[in-house]
Amino acid sequence: MPLEDGDTARPRGRQVNGEVSGAPRLRGVGDPSLRGTTTPGGSRTEVMAEGWEPGPALGDGNMTPGGAPQRAGQHEEALMTELSELVQKVVKSSSWWERHGVDISILACSFLLLPAGFLCLRSAQAIPFLVGVLTLGVVHHTLTVKGSHLASHNALTESKSWGKVWAIFFIELCSAFTVEQATYNHVKIHHGYTNVIGLGDSSTWKLPFLNRYIYMFIAPLAVPILTPLVALDLLRNVEWKAALRTLCCMLLGFYCHYWLLLHVSGFQSPWSALLCMLLTRSLLAHPYIHVNIFQHIGLPMFAADRKPKRIHLMSLGVLNLPRNALLDWSFGHSLISCHVEHHLFPSLSDNMCLKIKPIVSQYLKQKKLPYNEDTYSSRLRLFLQRYEELMVHAPPITELVGIQ
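About the cut-offs
Residues numbered from 1 in each chain as written. Predicted model: local features only at pLDDT ≥ 70, side-chain atom pairs only at ≥ 80, totals over all residues. Heavy atoms only, no water. Salt bridge = Lys/Arg side-chain N within 4 Å of Asp/Glu carboxyl O. Helix = DSSP H or I, 4+ residues; strand = E, 2+ residues; numbered from the N terminus. Buried < 20%, exposed > 50% of the residue type's maximum accessible area, 1.4 Å probe, protein only. Phe/Tyr/Trp six-rings, centres within 6.5 Å; stacked < 30°, edge-to-face > 60°. Disulfide = S-S within 2.5 Å. UniProt positions renumbered as here; feature names shortened; annotations may be inferred. Patch = residues over 30% accessible without salt bridge, like charges linked within 9 Å, V, L, I, M, F, W, Y side chains within 5 Å. Areas by Shrake-Rupley, 256 points an atom, 1.4 Å probe, with all protein chains shown as cover. Contact = heavy atoms within 4.5 Å. Core = buried A, V, L, I, M, F, W, Y, C linked by side-chain atoms within 4.5 Å. pLDDT = per-residue confidence, 0-100. Expected span 1.5 Å × (residues − 1). Arc of directions from axis to C-beta. Axes fitted to C-alpha atoms, helices over the stretch in contact; angles between N-to-C directions. Left-handed = near helix turned anticlockwise from the far one by under 90°. Nonpolar A, V, L, I, M, F, W, Y, C, P; charged D, E, K, R; others polar.

1. Quick look at the pattern of salt bridges
Here is step 1 of the chain: In total, this model carries 12 salt bridges according to the counting rule given.
Here is step 2 of the chain: Here Glu 172 makes a salt bridge to Arg 245, at a shortest N to O gap of 2.6 Å. You can see Glu 172 sitting in helix H4 (residues 160-174) and its partner Arg 245 sitting in helix H8 (residues 240-263), a full 73 residues away along the chain.
Here is step 3 of the chain: Glu 172 sits in the buried class, given a relative accessible area of 0%.
Here is step 4 of the chain: Here Arg 245 falls in the partly exposed class, since its relative accessible area comes to 22%.
Here is step 5 of the chain: Two residues, Asp 328 and Arg 323, come together in a salt bridge whose shortest N-O distance is 3.3 Å.
Here is step 6 of the chain: Assessed through its relative accessible area of 7%, Asp 328 is described here as buried.
Here is step 7 of the chain: What emerges from the salt-bridge pattern is a single network uniting Lys 164, Glu 172, Glu 180 and Arg 245.

2. Let's talk about the packing of aromatic side chains
To describe a pair of aromatic rings, you give the distance between the ring centres and the angle between the ring planes.
Here is step 1 of the chain: Using the criterion set out here, one finds 11 aromatic pairs in the structure.
Here is step 2 of the chain: An aromatic cluster of at least three residues, connected via ring pairs, comprises Phe 111, Trp 162, Trp 166, Phe 169 and Phe 170.

3. Re the state of the cysteines
Here is step 1 of the chain: A full pass over the atoms with the stated rule returns zero disulfides.
Here is step 2 of the chain: With no disulfide of its own, Cys 248 has Cys 249 as its nearest cysteine by sulfur position, at a separation of 6.9 Å.
Here is step 3 of the chain: Lacking any disulfide linkage, Cys 338 is separated from the closest cysteine sulfur, that of Cys 353, by 6.0 Å.

4. Remarks on the UniProt feature "transmembrane region" (unreviewed entry) in the chain
Here is step 1 of the chain: In this numbering, the UniProt entry assigns the feature "transmembrane region" (unreviewed entry) to residues 213-235 and 242-264.
Here is step 2 of the chain: The distance from the first to the last C-alpha atom of residues 213-235 is 32 Å, and the span holds 78% helix and 0% strand.
Here is step 3 of the chain: Between the end C-alpha atoms of residues 242-264 there is a gap of 32 Å, over a span that is 96% helix and 0% strand.

5. Focus: unusual backbone geometry
Here is step 1 of the chain: Of note in the backbone geometry, Ala 176 takes a positive phi value of approximately 60° without being a glycine.
Here is step 2 of the chain: With respect to the helices and strands, Ala 176 occurs in the loop between H4 and helix H5 (179-190).
Here is step 3 of the chain: Since its relative accessible area comes to 3%, Ala 176 is described here as buried.
Here is step 4 of the chain: The phi angle at Ser 202 is positive, at roughly 60°, despite the residue not being glycine.
Here is step 5 of the chain: Note that Ser 202 resides in the loop between H5 and helix H6 (212-218).

6. Quick notes on a nonpolar patch on the surface
Here is step 1 of the chain: A surface patch of nonpolar side chains, about 470 Å² in accessible area, is lined by Tyr 213, Ile 214, Phe 217, Ile 218 and Leu 221.
Here is step 2 of the chain: Looking at where Leu 221 falls in the secondary structure, it is placed in the loop between H6 and helix H7 (223-234).

7. Here we look at the side chain of His 257
Here is step 1 of the chain: As for its placement among the helices and strands, His 257 is situated in helix H8.
Here is step 2 of the chain: Each residue touching His 257, except ones within four places of it in the same chain, is listed here: Phe 118, Met 277, Thr 280 and Arg 281.

8. Looking at the nonpolar core
Here is step 1 of the chain: Of all hydrophobic cores here, the largest spans 25 residues; its most connected members are Ile 311, Leu 344, Phe 345, Val 360 and Leu 364.
Here is step 2 of the chain: In this structure, Ala 151, Ala 155, Phe 177 and Met 250 belong to the second largest nonpolar core, which totals 20 residues.

9. Some words on the confidence of the model for the chain
Here is step 1 of the chain: When the pLDDT values of the chain are averaged, the result is 84; 81% of them are 70 or greater.
Here is step 2 of the chain: Counting contacts from residues 1-66, a segment whose pLDDT is below 50, to residues more than four positions away or on other chains yields 186 contacts.

10. Observations concerning helix H9 (residues 270-281)
Here is step 1 of the chain: Counted at 1.5 Å a residue, the expected span for H9 with its 12 residues is 16 Å, and the 16 Å between its end C-alpha atoms agrees.
Here is step 2 of the chain: Burial in H9 covers these residues: Ala 273, Cys 276, Met 277, Thr 280 and Arg 281. One side of H9 carries all its buried residues, which in axial view fall inside an arc of 125°. The outward face of H9, more than 90 degrees from its buried face, is lined by the exposed residues Trp 271 and Leu 275.

11. Considering the packing of H8 against H9
Here is step 1 of the chain: Two elements in contact, H8 and H9, have axes whose closest approach is 9 Å; the angle formed by their N-to-C orientations is 115°. Crossing geometry of H8 relative to H9 is assigned as right-handed. The residues of H9 that touch H8, namely those facing Gly 253, Phe 254, His 257, Tyr 258, Leu 261 and Leu 262, are Pro 270, Ala 273, Leu 274, Cys 276, Met 277, Thr 280 and Arg 281.
Here is step 2 of the chain: Here the residues of the contact of H8 with H9 are counted per class, giving nine nonpolar, three polar and one charged.

So, in structure tokens, the structure goes:
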């Protein structure tokens, strides 16, 4: 689901939750008091590395006399350049199989599992039928989440032409969304302005009129229905040719799924086939929603004119979850355990993000920069306990006094 286009950045000094956001402070995950401590689940979330102390201001504007912001900015750029060179060496020394082949093979294996999934649904016995539902559910999310995400960043191929083809296939045909709006909202806005209020602050994922339990455990079931509806609404913002192409791809994708359920899986009624479609397409909707909020919301948020440079913006505003076999396969490493690496180097494939992870984590910790990590269960408890603050009220703006 895309980010909202019409939000504007909150001005500095606005009072939020009883606090004046213009007051200099540094916020950690959820609460300033959690900085360098453990979350409710007991797992450590390093928002500020040890030894990371306030220094000259790092905003984009002039905040101190004598050129201090400019020198700080140059230091920031030097850090990012140095890290980029280290990562580039790894990329250049990697084979095509490591850069693209591994992830393409996972997507290809998912396609090969489709016939088995549809045939299992023919069985009148519970176990084979459930195996078919699980198979189709995992395959669906692998194609729509992992495939669409890689395609939106053109990480499946080094060819721009083929990248466009794969983007249309995974995003429009499989995911029922429009390529132009998906890439704009995710690549241009979310990645370009990560955790910047009114732009890349993940506000799309907030539904403040829902209570915590409905939002976290019931609302995700509506994702397969809401996604195409949002896509149809966003077609007003694209050219008519792109809108027509998207409509055709969306209808073709839905009809193919529906036709296979009727003629291969043997469903007798349209409603039973549609119910099975909803079931398989929402199988992993809960972790899909959870992952999207766990890895950004609750972390420091910035005003557009007071955000730090790229390396600090990404190290402060992004969090990694532990590796998980099911989610690694279905969503990809770049959305789970290598989300920090992905935001720093978004054009790399999932496998390459996993390969550079030791280099990035070691470099950030060596330079005493934040490298946020937490467990899925710990973040879930945190959001349930502090849902009102994190998901209902407007997030306070983090004021960076500075980073040395």
